[in-house]
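Listed below, chain by chain, are the residues.
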Amino acid sequence: MPQFKVRKYFSILFSGVLAVFLFSFTFISDPLPRIIASFQRYLAELPEEKIYLHQDRETYTSGETIWFKAYLTQGPFHLPSTLSSTIYVELIDAQNQLIQKEIIYSPDGFGSGQLPLPDSLQSGTYLLRAYTQWMKNFGEEYFFQRPINVLSEFSSPRPHAQTVPELDLQFFPEGGNLVQGILSKVAFKALDSNGLGKKVKGKIFEGTREIGSFESNDLGMGVFALLPEKGKTYTVQIEGDDQTFPLPAPLESGLIMAVTISPKSDEVVIKFLTTGKSPGKSVFLVAQSRGLVCATGQVDLSNQVAFVRIPKKEFPTGIAQLAALDENGVPLAERLIFIDHQDHLQIKITTDKATYQPRERVRLDIEAKTKEGKPAIANLSLSVVDAEQLEKSEHGTSILTHLLLTSDLKGHIEEPGYYFNTKNSDREEALDYLMLTQGWRKYTIKEALTGTLPEAKFPKEQGITIHGTLKNTKTGQAEAGGTISFLSLYPVISSEKTVTDTNGKFELRDLIFFDSTGVILEGKSKNNRTDLEILLENDAKRPSSAAWNPNRWLGNTASEQKFISESTLRKNINRAFDLDTTALVLDGVEIRGRKIEEPNLGPRIYGSGTVNMQVAGNPALENLFHPLDLIKGRVAGVLVIGDDVFIQGISSINSSSAPLILVDDIPIQPEFLHTIPVQEIERYSVWKGADTAIFGARGANGAIAFYTKKGNSSDKLNTQPSRKPNPVGLRGYQIEREFYSPRYLPEDPPSPKPDRRVTLHWAPMIQTDSLGKATVIFYNSDLETTVKAEVEGISQEGKAGSSQFLYQVKK
């Protein structure tokens, strides 16, 4: 047996410095100490964060709300992160345009929120992504990204694009290379024109002579053996395809590293083969997982062949990288493996009954345990949906697949849940195929050898960062040495100050404030002049979105058309039974001798709009924070993205033209809208299309008018340029809304409103007790259906878990 030693992967932290206890060699050219030291620095100085979003579902219609829970972890053990408290969640369309953005507060690694989808969204696939500022140091490929489907009743189904079927066949010799005269394993991956795996069969040829055949699994991956000979060329041909694909040319001499990892064995067996005997020749082996060096050693290759056995217990669950290096640290062979100890968080879901009736109360009990069966204190989220209204997604992404698999690999991983479903008898084999054909995206051994670390340009945010410039309103020049003061009244009173640089630039970091709450930003010069203007640049550092293409248009299948019809029915039900926000104000009436005064409707210079909505008297509207919130998602053809408003569809969006904004029929700049409390707004009107002619050229992009209760906006518009209360463009943390789930109590009269909900219940913050238990109560809808409950979460020790449960609703 060659000289080789291993050490456990776990580490000890002293004063923030990570110390990994491993043996080293006295060999003068031993590269291992440098590599180990680099990985220690990497873990200490550049701890990695990961984000996972659990949604209530994956398919929506325009006008609905995406409910989500954010899990933010840090380090190789996926502990809840305390590095960052600010998470950015974005929705991006197929043209890489930002549709929606929210900032989520996550002081302890957990946060939750919602993304209201505009009514004007077209049917299509959109990208949901999440990241922290710290994650931007490592590249966008480290962000959480998930495609979601949005269907719209206003979008016509589009035909599938007729493309010529294309096949991309890629080959991956185990360890990296083929070597003449050594039998090697060759992995392959077949992709169709959409970049998805395609099942194939084929034959292997040496010149024109057939020497073998192969067949992939359903995801287009597989392996075959090849003994390449000197002077020979090798090709493969796929059944039913005229294309011929060449295999990689073999090296004349080199090293082959073959790995055997069987679920029936407690060891990882590594076989080294080399050409030609060379007394004293050796290589160095490094095994690492997420920056943890799990095993190192020197392997003697004097006899051309050597075996190394590493106990699996030396690795944590997840992906590990094996690399054979020469005396200079140059990688000769590399291989990824997956270690599965089945030590994830065990989540059990039970209900008090096997079958329920419509509108019946459901008690759902959750129990979280460790692998050893001990109670686990865990932070969980629960989604309960009508499974028959949604397409099945048996092998999709979960918190388990994201943290342990997809977040550590390059490229798209198709059906990641397949590799974690113990019901799939070939899952270990398929997982090894994946390891052979996917690239490693993390800090590599080659990078560790150089001893250099990526530069950390972006900070760990413990709050929100505000960037901006202070300018003189008279001269337009930057105000150097000026003072910027920040005051927030919620959730606690806090204030910060900073001084502008020579270019008038300023930055305030780690501020805690929430959207549409009391915030004041004030600027003064050195001599206390206030004729200044604060220009915010809070979005200047937003990362660009890499191009991505949805695989197909939505709205074509029968199930999608049915989903759209059900959504339309639900909206009609809501309009019929809920308070009508477009209702007219009635004339004054007397009740028990008291007359209700008719509210002052304000000026009516321009008459009625295309859409008119009453705000006063409607608690659902009066309790909103910003006047633009009254528009968002409530007026068809009007899109509100952040602080920008677009009317009349895509043309307005592309031309970036803002509509005319009026308050009591007086035109104002949009940035002054924040000074008008929503509670002071009586109603508003929106003019679209031909109705905008009354405004002339000013109404080319539509018009929106807000009418206040007093009909006098002069005392509500703050035009002081140096002071910005609730400044437009200054985004705070999102204030989370409570998910509405009706209760049908026996003592209450029956509600006549039909209940056809898709998401029956959403509980983003569930904490198990000391026994690992939690209970949730909710009520069924009217439909006889199959209900799916899904629980995801993570324990205090960083163990992730996911579980699903089905029950029936019958009359």
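Definitions and cut-offs
- Residues numbered from 1 in each chain as written.
- Predicted model: local features only at pLDDT ≥ 70, side-chain atom pairs only at ≥ 80, totals over all residues.
- Heavy atoms only, no water.
- Phe/Tyr/Trp six-rings, centres within 6.5 Å; stacked < 30°, edge-to-face > 60°.
- Helix = DSSP H or I, 4+ residues; strand = E, 2+ residues; numbered from the N terminus.
- Buried < 20%, exposed > 50% of the residue type's maximum accessible area, 1.4 Å probe, protein only.
- Expected span 1.5 Å × (residues − 1).
- Arc of directions from axis to C-beta.
- Pairing = 2+ DSSP bridges.
- Contact = heavy atoms within 4.5 Å.
- Axes fitted to C-alpha atoms, helices over the stretch in contact; angles between N-to-C directions.
- Polar contact = N/O pair within 3.5 Å; in protein donor to acceptor, adjacent residues only side chain to side chain.

Inspection of the entire model under this criterion finds 21 aromatic pairs. Ring centres of Trp67 and Phe739 lie 5.3 Å apart, and the angle between their planes is 80°; on these two criteria the pair is classed as edge-to-face. With a gap of 672 residues between them, Trp67 in strand β6 (residues 65-74) and Phe739 in the loop between β46 (723-725) and β47 (759-767) connect regions that are remote in the sequence. Look at Trp67 and you get buried, because its relative accessible area is 7%. The class of Phe739 is buried, set by a relative accessible area of 15%. Aromatic side chains Tyr71 and Phe110 sit 5.8 Å apart centroid to centroid with 90° between the ring planes, which places their arrangement in the edge-to-face category. Of this pair, Tyr71 sits in strand β6 while Phe110 sits in strand β10 (residues 110-116), and the two are 39 residues apart along the sequence. Accessibility expressed as a relative area gives 10% for Phe110, which makes it buried. Among the aromatic residues, those joined into a cluster by ring pairs are Phe171, Phe188, Phe214 and Phe224.

Turning our attention to helix α1 (residues 32-45). In this model α1 runs 20 Å from its N-terminal to its C-terminal C-alpha over 14 residues, within 8% of the 20 Å that 1.5 Å per residue would give. Restricting attention to buried positions, one finds in α1 the residues Leu32, Ile35, Ile36, Ser38, Phe39, Tyr42 and Leu43. Down the axis, α1 shows its buried residues gathered within 160° of arc, on one side only.

One open sheet holds the five strands; their spatial order is β28-β50-β49-β30-β47, and the pairing between them is mixed. Of all the strands in the sheet, the pair left with one neighbour each is β28 (355-356) and β47. Note that strand β30 (residues 378-386) and β47 share six bridges and pair antiparallel. Note on β47: the bridge partner recorded for Leu382 is Ala763.

Where burial is concerned, most of helix α3 (residues 427-437) is hidden: nine out of the 11 residues are buried. Where α3 is concerned, the buried positions are Arg427, Ala430, Leu431, Asp432, Tyr433, Leu434, Met435, Leu436 and Thr437. Those residues of α3 hidden inside the fold are in contact with β13 (168-173), β14 (184-191), β17 (221-226), β20 (255-261), β25 (318-325) and β26 (331-339).

What follows concerns the sheet that holds strand β16 (residues 209-215). One open sheet accounts for four strands, arranged β16-β15-β18-β19; its pairing is antiparallel. Both outer strands of the open sheet, β16 and β19 (244-246), are each paired with one neighbouring strand and no more. Recorded for the sheet is a direction-independent mean angle of 30° between the axes of neighbouring strands. By the bridge criterion, six bridges tie strand β15 (residues 201-206) to β16 in an arrangement that is antiparallel. Each residue of the ladder has a partner; that of Ile204, found in β16, is Gly212.

Here the phi dihedral of Glu415 falls at roughly 50°; this positive angle occurs in a residue that is not glycine. Judged by its relative accessible area of 35%, Glu415 falls in the partly exposed class. Phi angles above zero are rare outside glycine, and Asp664 is one such case at about 50°. With respect to the helices and strands, Asp664 occurs in the loop between β42 (660-663) and β43 (666-667). For Asp664, a relative accessible area of 4% gives the class buried.

Moving on: the side chain of Ser381. Counting through the fold element by element, Ser381 comes out in strand β30. For Ser381, the side chain forms a polar contact with the side chain of His54, separated by 2.6 Å. At a separation of 2.7 Å, a polar atom in the side chain of Ser381 contacts the side chain of Tyr71. Residues within four places of Ser381 in sequence aside, it is in contact with His54, Lys69, Tyr71, Trp762, Ala763, Pro764, Glu790, Val791 and Glu792.

Everything listed here is a matter of coordinates, which is why it stays silent on function.
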